[in-house]
Amino acid sequence: MNQLTTAFVLIVNHIASGDFVCDQESAVRQLFDEGFSDSDFKLAITAFEATYRSNFVDKLWEDSFEDFADLTIEEFMDKYMRDESIRDPLYITNRLLDLRDTIIEEAGDSGMEE
């Protein structure tokens with residue numbers, strides 16, 4: 001397992017707050033089976049991107065969940081991680097705005113108000 005995959009696993013486990021523990025061989029689907037939400041997943045991706053100034057390929061956001069659900073975290077990272085530095089000064093801001101929209105959507109789906 002490479003250093004970046006290890007870091008992503010640490011971030012996911014930290015967000016899970018002890019509800020579950022995953023490793024590089026855990027399937028992405030398992031995270032959601034254990035209670036990880038869309039916003040948790042986007043938070044993990046955004047935290048990783050902000051920490052390592054390295055982003056995921058745009059295809060990740062175009063693919064459906066089923067396209068990567070059965071990949072292990074290591075396979076997910078190999079498929080979707082871009083090995084170049086983020087250059088757009090608004091990149092993380094845009095990811096955080098997307099995360100905000102997901103949280104608002106989840107709150108609406110559960111009957112909560114914004």
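Further up the page is the structure itself.
All of these numbers come straight from a predicted model, not from anything done at the bench. (Residues numbered from 1 in each chain as written. Predicted model: local features only at pLDDT ≥ 70, side-chain atom pairs only at ≥ 80, totals over all residues. Heavy atoms only, no water.)

## Examining the side chain of Lys42
- Inspection of the secondary structure puts Lys42 in helix α3 (residues 38-52).
- Residue contacts for Lys42: discarding those within four places in its chain leaves Trp61, Asp98, Leu99 and Thr102. (Helix = DSSP H or I, 4+ residues; strand = E, 2+ residues; numbered from the N terminus. Contact = heavy atoms within 4.5 Å.)

## Points about the nonpolar core
- Residues Phe8, Leu31, Phe41, Phe56 and Phe76 are the most contacted members of the largest nonpolar core, which totals 27 residues.
- At the level of elements, α1 (3-16), α2 (28-33), α3 and α6 (73-80) are the ones that each hand at least two residues to this core.
- By residue number, the principal contributor to this core is α1, which donates seven residues. (Core = buried A, V, L, I, M, F, W, Y, C linked by side-chain atoms within 4.5 Å. Buried < 20%, exposed > 50% of the residue type's maximum accessible area, 1.4 Å probe, protein only.)

## As for the environment of Phe36
- Along the chain, Phe36 turns up in the loop between α2 and α3.
- As for Phe36 and Ala16, which are separated by 20 residues in sequence, their C-alpha atoms are 7.1 Å apart.
- With residues near it in sequence (within four places) discarded, Phe36 still touches Val12, Ile15, Ala16, Phe20, Leu31 and Phe41.

## Considering unusual backbone geometry
- A positive phi angle, near 50°, is found at Ser17, a position not held by glycine.
- In this fold, Ser17 is placed in the loop between α1 and α2.
- Notably, Arg53 is not glycine yet its phi reads approximately 50°, a positive angle.
- Looking at the secondary structure, you find Arg53 in the loop between α3 and β1 (54-56).
- The exposure class of Arg53 is partly exposed, given its relative accessible area of 43%.

## Brief notes about the pattern of salt bridges
- Taken as a whole and judged by the stated rule, the model has six salt bridges.
- With a closest N to O distance of 2.9 Å, Arg29 and Asp70 form a salt bridge. Of this pair, Arg29 sits in helix α2 while Asp70 sits in the loop between α5 (65-68) and α6, placing them 41 residues apart in sequence.
- Using a relative accessible area of 25% as the deciding quantity, one classes Arg29 as partly exposed.
- For Asp70, a relative accessible area of 57% gives the class exposed.
- Between Asp101 and Arg100 there is a salt bridge, with the nearest N and O atoms lying 3.7 Å from each other.
- On the basis of relative accessible area, Arg100 is assigned to the partly exposed category, the value being 46%.
- Each of Arg29, Glu66 and Asp70 takes part in salt bridges that share partners, so that together they form one network. (Salt bridge = Lys/Arg side-chain N within 4 Å of Asp/Glu carboxyl O.)

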